[in-house]
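Report on the structure
So you can see what is in the structure, the chains are spelled out below.
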Number of protein chains: 2
Amino acid sequence: MDDRPNSIDTALRRRAAQVIPGGLWGHLDAARLPAGYPQFFRSGEGCRLTDVDGHTVIDFMCSWGPIVLGHRHPAVEEAVARQAALGDAMNGPGEVLVELAEALVGLIPAADWCLLQKNGTDATTACVTIARAGTGRRKILAARGSYHGAAPWCSPSLVGVTAEDRAHILHYEYNDIASLENAVDRAEGDLAGILVAAFRHDLGRDQEMPTPAFARRLRELADAAGAALILDEVRAGFRLDLGGSWEALGVRPDLSAWSKAIANGHALAAVTGAERFREAASAIFTTGSFWCAAVPMAAALATLAVLQRCDGPAHMQAMGGRLRAGLEAGAARHGLVIRQSGPPQMPLVLLEGDADFARGNAFCAAALRAGAYFHPKHNMFLSCAHGPTEIDEALEAAEAGFAAAARL
Amino acid sequence: MDDRPNSIDTALRRRAAQVIPGGLWGHLDAARLPAGYPQFFRSGEGCRLTDVDGHTVIDFMCSWGPIVLGHRHPAVEEAVARQAALGDAMNGPGEVLVELAEALVGLIPAADWCLLQKNGTDATTACVTIARAGTGRRKILAARGSYHGAAPWCSPSLVGVTAEDRAHILHYEYNDIASLENAVDRAEGDLAGILVAAFRHDLGRDQEMPTPAFARRLRELADAAGAALILDEVRAGFRLDLGGSWEALGVRPDLSAWSKAIANGHALAAVTGAERFREAASAIFTTGSFWCAAVPMAAALATLAVLQRCDGPAHMQAMGGRLRAGLEAGAARHGLVIRQSGPPQMPLVLLEGDADFARGNAFCAAALRAGAYFHPKHNMFLSCAHGPTEIDEALEAAEAGFAAAARL
């Protein structure tokens, strides 16, 4: 148990439990985290977060992805203030829509056009609908355990979901070509699209980068069937490669879904696509009350500019590498074996022989008290605000974590 | 055709057509409006909007609903700036979440709890999922022509939608008790919920308030079946009655979906519900990357406070009444017969004998040039920023509109 003062957090949780079912919906529910993790935050600055009881930590979740430049990045917040002084939700978009759409199409080689939305789920759902509209077919292939959003067709839970919501979803195993081919066969000529995450980041299991053979085979199978290859960039987008996470693989999707990091925390999502699906994208019905709001678009434009200027992915890769090397050495000093997987920008750290996550939880809880906010089973996120000083400071906090884990 | 300068708008549309399928997605696409309507806006202030070519008009669409206090309302933007100076998307919500949830539950008699999201579609979809989770049944009844969002289960278009997406949706006619009873029968003991819009606001047809008998029968049928009565407040919410649009009818829903006006243009949606569905609401999987962001919650809290302080619904009703009376008189002066329907806060104006909307379009195009932004076939929206002066100014612009319509 945590013995630090947390009375404000505790009081807020008690009040929240009265008016919010279960205290909080969704992935930010602190009940899913080790004891001692705060639920409520007061403020953020750069790579640091301060909770309502005044504890400041170095943040390795970045709001679970959106914060790619650091909390309250000055260039982004300046662009936001400039646009907000003019207007946000008007009866049509601002000029900034065109600038942002041009920037995305210019930045992403696979993109000939884009649509904008609010949630990652909006983007993945639109991709599926566009693939069906463009092909006149129905089946969508998705990797088992890959997360594609919180809608009845893809939610990780079946509570309140009907069998029909999933009637045309077929599963394959990530990085498993035979299972992929088998799923294509099962689609029996009715294949609209193949959905694939930028890399394998299922909860609580080692991450895997896509093998080149798997990525190429996806492209071949989609082409052979005339189906859309849909890349889910919601989680990885703008951290691995600004042009698209699979650029280095040489495999380009027909449709991509983006969200999280696109506007450094401001609510925005996007679908980008190839010319071939432009007409289908214009034919589907997709809209939302706030989708033309200008402020988040201004935030996105500023975010992309900073990411390009400072080569954000390379910076996050270097800092993620520094964290990884330090954690490896720290674990060894305590006689622990850890498994670090996935791209350095989005690390996952699991402890060997820790099936119930007891050691991982102890590691995280102790590291948190020492000043670093890690996650025991979900991939973490670096931001451009993490520099060598902050990484080294976090590694000191990790020392306390390893010591606690080693005592178990 | 419009002979006013619109070269900036034209140039932006040309650029947009290159990078956005069809030039723009969704309901803010100006191609659906009469010639002369701008697509791109520079700024908004109070009830006035200025397009990119510098034309300022009195706005009767309010971003199609979200702007309930007027564009860039100082109290809302101050609250936004205050929260933004602390943090927005963090690893959990800010204290403002609890304050907002308590405010909603305090304001809305039918609400014992709430969830927050980003889109109206998020809210209606969550209501359906909660109703299914809470009842263990599948069928959802919805009125034909009522709009419940842009997702495969409810989108007004079938492009890219499969038959299975709608497998458990049954339709009835709004305000038609016999058709409602018939739909309940067709659900054959598998009824999870009955979805109903706060009033009938189908595109291009006279609006209808719910009859008391219809509303009561909905409640009785839901109770008899143990199903959820779901009120779609996305469009009407916070304009008719801050406690819920059906308070005056004495009929309370089990679940309500809110969005648009809740945060004066900032991206937010909410589900509120009765105790009976609290457990189901905590059991479903519903989340989004930006759903805990603190800034839009601060905007909502400020918006609700201003609406309460100034009795927003009463003000908008009075100003909508003033507009209605003025339009009635103006039309008569020009020998035109108009039909005005729906609540004064959300007026629809249709011209008699105008099946192809030619006169309505001429009315709107001319009124726009004279300084008032009306819509020829969709309900419009008043805001608290519309005062007597602005209404009278808009009525002068309407004069030009009626003259143009009468010439046809």
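Just so you know, these numbers come straight off a predicted model, no measurement behind them.

Focus: the overall build of chain A
The helix and strand tally for chain A stands at 11 helices and 13 strands. Against the 2.2 N^0.38 benchmark of 22 Å for 408 residues, chain A shows a C-alpha radius of gyration of 21 Å, consistent with a compact globule. The principal-axis extents of the C-alpha atoms in chain A amount to approximately 60 × 55 × 45 Å. Taken over 408 residues, chain A has a buried fraction of 66%.

Re the sheet that holds strand β13 (residues 372-373) of chain B
Picture the strands of a sheet paired through backbone hydrogen bonds; they go either parallel or antiparallel. Residue and element names in this part refer to chain B. Strand order in the open sheet made by the 4 strands is β1-β2-β3-β13, with mixed pairing throughout. Edge positions in the open sheet fall to β1 (41-45) and β13, since each of these has one partner strand only. Of the pairings in the sheet, the one linking strand β3 (residues 56-59) to β13 comprises 2 bridges and is parallel in character. Across the sheet, residue Asp59 finds its bridge partner in β13, namely Tyr373. Relative to the sheet, helix α11 (residues 388-407) contacts β2 (48-51), β3 and β13, its axis offset from that of β3 by approximately 115°.

Examining the interface of chain B and chain A
On the side of chain A, 95 residues touch chain B, which itself brings 95 residues to the contact. Counting the surface chain B buries against chain A, the share from its top three residues, B:Trp25, B:Asn91 and B:Phe285, is 12%. Summed over the shared surface of chain B and chain A, the number is 2 salt bridges. For A:Arg15, the salt bridge goes to B:Glu102, with nearest N and O atoms at 2.8 Å. Taken together, chain B and chain A are joined by 32 residue pairs in polar contact (both at pLDDT 80 or more). Elements with a minimum of two residues in the side of chain B that touches chain A: α1 (7-19), β1, α3 (95-107), β4 (113-117), α4 (120-135) and α7 (278-283) of chain B. No other element matches the 7 residues that α3(B) contributes to the side of chain B that touches chain A. A per-class count over the side of chain B that touches chain A returns 48 nonpolar, 30 polar and 17 charged.

Focus: the packing of helix α3 (residues 95-107) of chain A against α1(B)
Where α3(A) meets α1(B), the axes come as close as 9 Å, and the angle between the chain directions of the two elements is 35°. Here the hand of the crossing between α3(A) and α1(B) comes out left-handed. Residues A:Glu95, A:Val98, A:Glu99, A:Ala101, A:Glu102 and A:Val105 of α3(A) form the contact with α1(B), whose participating residues are B:Leu12, B:Arg15, B:Ala16 and B:Val19. Its residues placed into classes, the contact of α3(A) with α1(B) shows 6 nonpolar, no polar and 4 charged.

Some thoughts on the relation of the copies chain B and chain A
When chain B is brought onto chain A, the operation consists of a screw motion whose angular component is 180° and whose axial shift is 0.0 Å, with 0.0 Å RMSD remaining. Here the transformation between the copies is reduced to the relation of a two-fold axis. Mapped onto chain A, 100% of the interface residues of chain B again fall at the interface, so both copies present the same surface.

Quick look at unusual backbone geometry
Residue and element names in this part refer to chain A. In this model, Trp64 sits at a positive phi of 60°, which is unusual for a non-glycine residue. Secondary-structure assignment places Trp64 in the loop between β3 (56-59) and α2 (74-84). The class for Trp64 is buried, based on a relative accessible area of 9%.

A look at the sheet that holds strand β9 (residues 255-258) of chain B
All names here are of chain B. The strand order β4-β10-β9-β8-β7-β5-β6 describes an open sheet built from 7 strands, whose pairing is mixed. The sheet is open, and its two edges are formed by β4 and β6 (169-172), each paired on a single side. Mean inter-strand twist for the sheet, computed between neighbouring axes without regard to direction, equals 20°. Against the sheet, helix α5 (residues 177-186) makes contact with β5 (139-143), β6 and β7 (191-197), and its axis sits at roughly 160° relative to β6, the strand it touches most.

Considerations on the nonpolar core
If you look at the biggest cluster of nonpolar residues, it comprises 286 residues, and the most contacted ones within it are A:Ile194, A:Phe374, B:Ile194 and B:Phe374. Once residues within four sequence positions are removed from consideration, B:Ile194 is found in contact with B:Leu141, B:Tyr172, B:Leu180, B:Val184, B:Leu218, B:Leu221, B:Ala222, B:Ala228, B:Leu229 and B:Ile230.

Some details on empty space enclosed by the protein
Summed over the entire model, instances satisfying the criterion amount to 7 cavities of 30 Å³ or more. Around the largest cavity sit 48 residues that line it, and A:Thr125, A:Ala151, A:Trp153, B:Ala151 and B:Pro152 are the ones nearest its centre. Going through the elements one at a time, α4 (120-135) of chain A together with α4 of chain B are the ones with two or more residues in the lining of the largest cavity. Sort the elements by how many residues they give to the lining of the largest cavity and α4(A) lands first, with 7 residues.

Focus on helix α8 (residues 294-309) of chain A
Residue and element names in this part refer to chain A. Its 16 residues give α8 an end-to-end C-alpha distance of 23 Å, which sits within 8% of 22 Å, the value for a rise of 1.5 Å per residue. Across the 16 residues of α8, 12 count as buried, placing the element largely inside the fold. Two residues or fewer after α8 comes Asp311, characterised by a positive phi angle close to 45°.

Here we look at the environment of A:His386
Residues and elements named next belong to chain A. Along the chain, His386 turns up in the loop between β13 (372-373) and α11 (388-407). Non-local contacts of His386, meaning those with residues more than four positions away in its chain, are made with Cys47, Ile58, Asp59, Phe60, Cys62, His315, Met319, Phe381 and Ile391. Of note is the side chain of His386, whose polar atom sits 2.8 Å from the backbone oxygen of Asp59.

Section: the packing of aromatic side chains
Each pair of aromatic rings is reported with the distance of its centres and the angle of its planes. Residues and elements named next belong to chain A. With the rule as written, the count across this model stands at 18 aromatic pairs over all chains. Aromatic pair Tyr172 and Phe214: ring centres 6.2 Å apart, planes at 45°, arrangement tilted. Separated by 42 residues along the polypeptide, Tyr172 in strand β6 (residues 169-172) and Phe214 in helix α6 (residues 212-225) bring together distant segments of the chain. Across this residue pair, the class does not change: Tyr172 and Phe214 are buried. Feature note: the residues Phe60, Phe363, Phe374 and Phe402 constitute an aromatic cluster, connected by ring pairs. The ring of Phe357 is capped by Lys377, whose NZ or CZ atom sits 4.5 Å from the centre of that ring.

Digging into the pattern of salt bridges
Evaluated as defined, the whole model comprises 41 salt bridges over all chains. One network of salt bridges, with partners in common, ties together A:Arg144, A:Glu173, A:Arg200, A:Asp202, A:Arg205 and A:Glu208.

Considerations on α4(A)
All names here are of chain A. Helix length check: α4 (16 residues) gives 23 Å between terminal C-alpha atoms against 22 Å at 1.5 Å per residue, within 8%. The buried fraction of α4 amounts to 14 of the 16 residues, a majority that puts the element mostly inside the structure. Two residues or fewer past α4, Gly136 is found with a positive phi of approximately 70°.

Some points on the pairing of strand β8 (residues 228-232) of chain A
Residues and elements named next belong to chain A. Burial analysis of β8 places 5 of its 5 residues in the buried class, the great majority of the element. Neither face of β8 is left uncovered, since the one carrying Ala228, Ile230 and Asp232 and the one carrying Leu229 and Leu231 both have all their residues buried. Following the chain from strand β7 (residues 191-197) across α6 to the adjacent parallel β8, one finds a crossover that is right-handed. In the sheet, β8 pairs with strand β9 (residues 255-258) via 3 bridges, with the strands oriented parallel. Counted as the bridge partner of Leu231 is Ser256 from β9.

Quick notes on the domain arrangement of chain A
Residues and elements named next belong to chain A. Domain annotation of chain A identifies domain 1 (7-64 + 311-407) and domain 2 (74-309). The gap between the C-alpha centroids of domain 1 and domain 2 is 27 Å. On the domain 2 side, the residues contacting the 22 residues of domain 1 number 19 residues. When the two sides are added together, the surface that domain 1 and domain 2 hide from each other amounts to roughly 1600 Å², 59% of it contributed by carbon and sulfur. In terms of surface lost to domain 2, no three residues of domain 1 exceed Pro313, Pro343 and Met346, which account for 27% of the buried area on that side. Put simply, domain 1 and domain 2 have 1 salt bridge between them.

Remarks on the environment of B:Ala267
In this fold, B:Ala267 is placed in the loop between β9 and β10 (269-273). Here B:Ala267 falls in the buried class, since its relative accessible area comes to 11%. The spacing of B:Ala267 and B:Gln117 is 150 residues in sequence and 8.4 Å in space, taken between C-alpha atoms. Residues contacting B:Ala267, with those up to four places away along its chain left out, are A:Lys118, A:Phe290, B:Lys118 and B:Pro296.

What counts as what
Residues numbered from 1 in each chain as written. Chains lettered and ligands numbered in written order. Predicted model: local features only at pLDDT ≥ 70, side-chain atom pairs only at ≥ 80, totals over all residues. Heavy atoms only, no water. Helix = DSSP H or I, 4+ residues; strand = E, 2+ residues; numbered from the N terminus. Rg over C-alpha atoms; globule rule 2.2 N^0.38 Å. Buried < 20%, exposed > 50% of the residue type's maximum accessible area, 1.4 Å probe, protein only. Pairing = 2+ DSSP bridges. Contact = heavy atoms within 4.5 Å. Axes fitted to C-alpha atoms, helices over the stretch in contact; angles between N-to-C directions. Buried area = accessible area lost by both parts, 1.4 Å probe. Salt bridge = Lys/Arg side-chain N within 4 Å of Asp/Glu carboxyl O. Polar contact = N/O pair within 3.5 Å; in protein donor to acceptor, adjacent residues only side chain to side chain. Nonpolar A, V, L, I, M, F, W, Y, C, P; charged D, E, K, R; others polar. Left-handed = near helix turned anticlockwise from the far one by under 90°. Least-squares fit on C-alpha atoms with pLDDT ≥ 70 in both. Core = buried A, V, L, I, M, F, W, Y, C linked by side-chain atoms within 4.5 Å. 1 Å grid on protein atoms, 1.4 Å probe; cavity = no way out; pocket = protein on both sides within 12 Å on 5 of 7 lines; lining within 4 Å. Points joined across faces, edges and corners; volume = space filled by probe spheres on them. Expected span 1.5 Å × (residues − 1). Phe/Tyr/Trp six-rings, centres within 6.5 Å; stacked < 30°, edge-to-face > 60°. Lys NZ or Arg CZ within 6 Å of the ring centre and 35° of its normal. Right-handed = clockwise from strand over helix to strand, strands pointing away. Domains from an automatic or database assignment.

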